[in-house]
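Coordinates in review
Residue-level listing of the chains:
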Protein chains: 4
Amino acid sequence: MNSSKSKTFREKLYVIIFEADTPKGKLFDVALLWLIFLSVIIALLDSVPIIHEKAHGWLLIVEWCVTILFTTEYVLRIYSARKPISYIFSFFGIIDFLSILPTYLSLFIVGSHYLIVIRILRFLRIFRVLKMARYIGASKVLLDSMTASRHKIVVFLEMILTIVVLMGALMYIIEGPENGFTSIPRSIYWAIVTLTTVGYGDISPQTALGQTLASFVMIIGYAIIAVPTGIITAEITRQSGQSSNALVCKKCKNDKHDADAVFCKQCGAKLDC
Amino acid sequence: MNSSKSKTFREKLYVIIFEADTPKGKLFDVALLWLIFLSVIIALLDSVPIIHEKAHGWLLIVEWCVTILFTTEYVLRIYSARKPISYIFSFFGIIDFLSILPTYLSLFIVGSHYLIVIRILRFLRIFRVLKMARYIGASKVLLDSMTASRHKIVVFLEMILTIVVLMGALMYIIEGPENGFTSIPRSIYWAIVTLTTVGYGDISPQTALGQTLASFVMIIGYAIIAVPTGIITAEITRQSGQSSNALVCKKCKNDKHDADAVFCKQCGAKLDC
Amino acid sequence: MNSSKSKTFREKLYVIIFEADTPKGKLFDVALLWLIFLSVIIALLDSVPIIHEKAHGWLLIVEWCVTILFTTEYVLRIYSARKPISYIFSFFGIIDFLSILPTYLSLFIVGSHYLIVIRILRFLRIFRVLKMARYIGASKVLLDSMTASRHKIVVFLEMILTIVVLMGALMYIIEGPENGFTSIPRSIYWAIVTLTTVGYGDISPQTALGQTLASFVMIIGYAIIAVPTGIITAEITRQSGQSSNALVCKKCKNDKHDADAVFCKQCGAKLDC
Amino acid sequence: MNSSKSKTFREKLYVIIFEADTPKGKLFDVALLWLIFLSVIIALLDSVPIIHEKAHGWLLIVEWCVTILFTTEYVLRIYSARKPISYIFSFFGIIDFLSILPTYLSLFIVGSHYLIVIRILRFLRIFRVLKMARYIGASKVLLDSMTASRHKIVVFLEMILTIVVLMGALMYIIEGPENGFTSIPRSIYWAIVTLTTVGYGDISPQTALGQTLASFVMIIGYAIIAVPTGIITAEITRQSGQSSNALVCKKCKNDKHDADAVFCKQCGAKLDC
């Protein structure tokens, strides 16, 4: 009897904590998002010297209150989850754990409590509260595009890496420590700053030869940004095309058909739309 | 009788002020655009110290003249509009009101008269005077592309926000106040400057670890610009395709014709649009 | 008789100067390109202080020799052109004239001889010497894409202009002259530097509010670069598609058909490919 | 007999050194990649002053060991290669030779040993060890896209070159040496820094006219990045489309199938690839 009641309580908790469809569940999620927002803002404010001096005491109290609430919530999540182990090692399970850790760590390691900004990752739950389907659809297209492009992106990054190491070493030899290129790793940092068109200007070539090579790096960087853009665009165009057609094969459930397909490309059955 | 005459006068005013098809209406619009242009230029010039010293008096007189003209025009617009209330709360109605406000406000609040540059928004009326249809078509494709992509863009911005907050906090811990990262909000500002590849160089990492993390942020920023570009490009391609698709062949129902097609490309039948 | 011989001479000159198909014509064009290259390099070198001091005399002699050669060539071009007037007012005719002007002008106006770098525009003739058709095809696709997108680009530039004027004025009010924002035009310059992600860092916001607004401008700039890219990409995709199909209607000579067209979209005649 | 045995040994060596399919061959390749990685890291570390001082001796020993190993490997490669000459003049053959050269050169020329970072190019062999086909496919699409776009890219680079030379000369005349534009080549360097949106800020315009022209260059740079992006994107879209087009239905001749299609989407017939 007790066990059954407890089970019912766990069930109720589960619906409130893990789902956002019931009024209570939605209220819980919205309250949680505000708490996360509040605790991130506090971490940001606490790092501003003038606010730290005047209000550190108050901010510390709020941080501890929020952390205790989050700890309680974490325990309740484990308690009410249908598969506690798989929750604990899920993406959000790990984030939830890491979100409460820094405050406790700050008792032993000074400064570590700034790490609570990791709570911003909990904020990704916002898509649960918003009309979810559309955003999940949008995320799916973006993630699928990136996944489908991963081989091209690895090749592209290897290309970038090779260019910046070679250019960094060349600039180190050409410009040398007297012009700010104090070591090859630092010259590689300069090459990345230049190739990505960030251009801080903290290190910049001074010699004519160095400026010529730098111009070369800039034009390469300016031109090859076209490559990842082309990769991703081609994928998104393809994914958008696929996801917008509602053609699902009744026989084999394959849902990746072109808009003009008449027969299923997997099993050859006729498609009715 | 008087009422009827007044109504005619209102009608005439309406045609002149709100339409650009009659010679008088076009003249009014062109004159208005020049006045807007003049008053924005005056606001710009008045802010230049050397001009402010020498010609502030004259510029002030012109500004007041233009403001009085704009006020008169605003009153006449309300008077002649068919639905005054809906004009007042329309986009251009609000802009027209905000455009005359700063000059009057400047009597009470010093410096507020620079806000008259908001008049630049009135300048968007220029598309009324130019051959309108093509530009409105172009704007429509751009706006529709952005509207259709809004869910993907929200997901993308949430992604950016999460990255800059996490990177900002990490850099604050790594570099610290002695290297210019005086607070987490300021470090987040640095992360935005870096991720968007702006790279002022007013704050830049000094430690080896900080430069490594910064390189990482730059490459992310350089690569993920592909994402909004991909989203918008895929949409514009689709929108451009669709907007030319009003043409459907009556014989074979083919609806994929170019905008300038006269005959169906599949069966050769004449297209009526 | 004399007239006829003179005509033959003009004809020969025409073939050498204006065409690149005969050995002599090609030799002439290649020699001309080397001369242009030489004279631009001289202008660049002459502006370097250390070279100017040591070799100004020699460089001046070379410049005058090249200019006299170019003047002779210009006179011969007018003499041998089939329609001298239309040559003079053609794109290359004007460039050819402007290319010899600065050296003569330098007799009266000091420093104006640096303008001879305009000769770089003559260098565009290089596509005549290279295997022309492919490059002209490539240029055509690029130019057609830009022409077809011009309405969208005008709308986009108007959008940019409105944003930078408003943001410039706002930053002038927020940051003020004490932080480098000395006037609204200068603040607009800052807004352009930031929006285009150039980010010199010669002017950068110092206040928290200014940095927040600047972050906003950067993210806008980072995101809306997607718009021109999307516009141009959609056009190039369309243009490439069109230009790569060799479908030309035998009846009406229309060559802009889709790759899957069976009938001419202009006259309805069947297409044989 | 001796010759036959030697041949077998050569064969065995060939399989180990040039192929990655056998366990020994894979082990050899993985060990080689780690050695390359190690030797590049050593070159980077050795350039850092503080490490150079303390550990230069040790690093030098490791460098010589690695170089001797690489030399042995190079000799064995030539010995075991089926066509030694064609290996020596292949891309990787030249890289392998250049990779051992700097260490020997450093005996005669001080500082030249930093050039061993060229070994990073040997690292491109990593795609041999990874599941190769997919990455080679991805590289192929990227390289084909660039090759197919080369005419458009040459036209685009010529366009860029013309703009930066003209703008550089104009800025030299407008701003002059007193504002950092000390020569036309340096002004061209500034124009490249600005047009590519790198924006170091080491040279930046100070006069109103210069800033206006600079704004113009920035907006051009911001807009025309769309051009290479559009070119490459259009190509990748086309290449991706083509590469999946090996599938042609034997029944209805439809050749537009996805890469994972098993049945024809038009007639439902089975596809044999």
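Please read these numbers as outputs of a predicted model, since none were measured by experiment. (Residues numbered from 1 in each chain as written. Chains lettered and ligands numbered in written order. Predicted model: local features only at pLDDT ≥ 70, side-chain atom pairs only at ≥ 80, totals over all residues. Heavy atoms only, no water.)

**Section: the overall build of chain A**
The test is simple: Elements are defined by DSSP. Helices are runs of H or I of four residues or more, strands are runs of E of two residues or more, and each kind is numbered from the N terminus. With a 1.4 Å probe rolled over the protein chains alone, any residue whose accessible area is under 20% of its type maximum counts as buried; one over 50% counts as exposed, and the rest are partly exposed. Residue contacts follow a heavy-atom distance rule, with two residues in contact if any of their heavy atoms lie within 4.5 Å. Each accessible area value is a Shrake-Rupley result obtained with a 1.4 Å probe; residue values ignore everything except the protein chains displayed when judging cover.
The number of helices and strands found in chain A is 11 helices and zero strands. Listed by position from the N terminus, the elements making up chain A come as α-α-α-α-α-α-α-α-α-α-α. Per-residue burial over chain A gives 49% buried out of 273 residues. Residue pairs at least 24 apart in sequence account for 55% of intrachain contacts in chain A once pairs closer than 6 positions are excluded. When the accessible surface of chain A is summed, it comes to about 13300 Å², and 72% of that surface belongs to carbon and sulfur atoms.

**A few points about helix α5 (residues 91-105) of chain C**
Selection rule: Expected helix span is given by 1.5 Å per residue-to-residue step, counting one fewer step than there are residues.
In this model α5(C) runs 21 Å from its N-terminal to its C-terminal C-alpha over 15 residues, within 8% of the 21 Å that 1.5 Å per residue would give. Restricting attention to buried positions, one finds in α5(C) the residues C:G93, C:I95, C:D96, C:S99, C:I100, C:P102 and C:T103.

**Quick look at the packing of aromatic side chains**
Let me state the cut-off plainly: Planes of paired rings set the category: under 30 degrees apart is stacked, over 60 is edge-to-face and the rest tilted, where pairs are Phe, Tyr or Trp rings (Trp by its six-membered ring) whose centres lie within 6.5 Å. Any Lys NZ or Arg CZ that is within 6 Å of a ring centre and within 35 degrees of that ring's normal is treated as a charge sitting over the ring.
Inspection of the entire model under this criterion finds 32 aromatic pairs over all chains. Judged by centre distance (5.6 Å) and plane angle (75 degrees), the ring pair of C:W64 and C:Y104 falls under edge-to-face. You can see C:W64 sitting in helix α3 (residues 49-80) and its partner C:Y104 sitting in helix α5, a full 40 residues away along the chain. The partly exposed category is assigned to C:Y104, whose relative accessible area is 31%. Among the aromatic residues, those joined into a cluster by ring pairs are A:Y14, A:F18, A:Y74, A:Y87 and A:F97. One Lys or Arg, B:R10, reaches over the ring of B:Y79 and ends 5.8 Å from the middle of that ring. Taking the ring centre of D:F70 as reference, the NZ or CZ of D:R122 above it sits at 4.7 Å.

**Some remarks on the pattern of salt bridges**
Residue and element names in this part refer to chain A. In plain terms, the rule: By definition, a salt bridge exists where a carboxyl oxygen of Asp or Glu is found within 4 Å of a side-chain nitrogen of Lys or Arg.
Enumeration according to the criterion identifies 20 salt bridges over all chains in this entry. Across the salt bridge formed by E73 and R122, the nearest N and O atoms sit 2.8 Å from each other. Here E73, found in helix α3 (residues 49-80), pairs with R122, found in the loop between α5 (91-105) and α6 (126-129); they are 49 residues apart in sequence, far enough to count as distant. With respect to burial, E73 and R122 carry one shared label: buried.

**As for a nonpolar patch on the surface**
This is how the line gets drawn: Note on patches: the residues involved have over 30% relative accessible area and no salt bridge, like charges join within 9 Å, and the nonpolar side chains Val, Leu, Ile, Met, Phe, Trp and Tyr join within 5 Å.
On the surface, a nonpolar cluster with roughly 720 Å² of combined accessible area is contributed by A:I94, A:F97, A:L98, A:L101, A:L105, A:L107, A:F108 and A:I109. For A:I109, the position within the fold is in the loop between α5 and α6.

**Remarks on the packing of helix α3 (residues 49-80) of chain D against helix α5 (residues 91-105) of chain D**
All names here are of chain D. Selection rule: To define axes, lines are fitted to C-alpha atoms, for helices over the stretch in contact only, and angles between the resulting N-to-C directions are given on a 0 to 180 degree scale. Should the near helix be turned counterclockwise from the far one by less than a right angle, the crossing is left-handed, whereas a clockwise turn marks it as right-handed. Amino acid classes used here: Ala, Val, Leu, Ile, Met, Phe, Trp, Tyr, Cys and Pro are nonpolar; Asp, Glu, Lys and Arg are charged; the rest, including Gly, are polar.
Orientation of α3 relative to α5, taken along the N-to-C sense of each, is 145 degrees, at an axis distance of 10 Å. Both α3 and α5 take part in a crossing whose hand is left-handed. Residue-level inspection shows E63, W64, T67, F70, T71, Y74 and R77 of α3 in contact with α5, the latter providing G93, D96, F97, I100, T103 and Y104. Here the residues of the contact of α3 with α5 sort into six nonpolar, four polar and three charged.

**Structural notes on unusual backbone geometry**
The phi dihedral of B:T197 is positive, around 60 degrees, even though this residue is not glycine. Mapped onto the elements, B:T197 comes out in the loop between α9 (184-195) and α10 (208-224).

**Section: helix α8 (residues 150-175) of chain B**
With 26 residues, α8(B) extends 36 Å from end C-alpha to end C-alpha; this agrees with the ideal 38 Å at 1.5 Å per step. Positive phi shows up at B:G176, right after α8(B), with a value of about 75 degrees.

**Quick word on the environment of C:W34**
Secondary-structure assignment places C:W34 in helix α2 (residues 23-46). Separated by 89 residues in the primary sequence, C:W34 and C:F123 place their C-alpha atoms 9.3 Å from one another.

**Quick word on the environment of C:T71**
Residues and elements named next belong to chain C. Structurally, T71 is set in helix α3. Along the primary structure T71 and L101 are separated by 30 residues, whereas in three dimensions their C-alpha atoms are 9.2 Å apart. When residues no more than four places from it in sequence are discounted, the contact partners of T71 are I100 and Y104.

**Examining the environment of D:L161**
The topology assignment puts D:L161 in helix α8 (residues 150-175). In this structure the C-alpha to C-alpha distance between D:L161 and D:A148, which are 13 residues apart in sequence, comes to 21 Å.

**Details of the confidence of the model for chain A**
Residues and elements named next belong to chain A. How we decide: A score between 0 and 100, pLDDT records how confident the predictor is in each residue.
On average, residues of chain A score 81 in pLDDT, and 82% of them are at 70 or above. Here α6 stands out as the element of chain A with the lowest mean pLDDT, 68, in contrast to helix α9 (residues 184-195), whose mean of 93 is the highest. Two summary scores accompany this predicted model of the complex, namely pTM at 0.83 and ipTM at 0.80.

**Regarding the packing of helix α2 (residues 23-46) of chain D against α3(D)**
Residues and elements named next belong to chain D. The geometry of α2 relative to α3 is characterised by a closest axis approach of 9 Å and an angle of 145 degrees between their N-to-C directions. Handedness of the α2/α3 crossing: left-handed. Between α2 and α3, the residues in contact are F28, L32, L35, I36, L38, S39, I42, L45 and D46 and I51, H52, H56, L59, V62, V66, L69, F70, E73 and R77, respectively.

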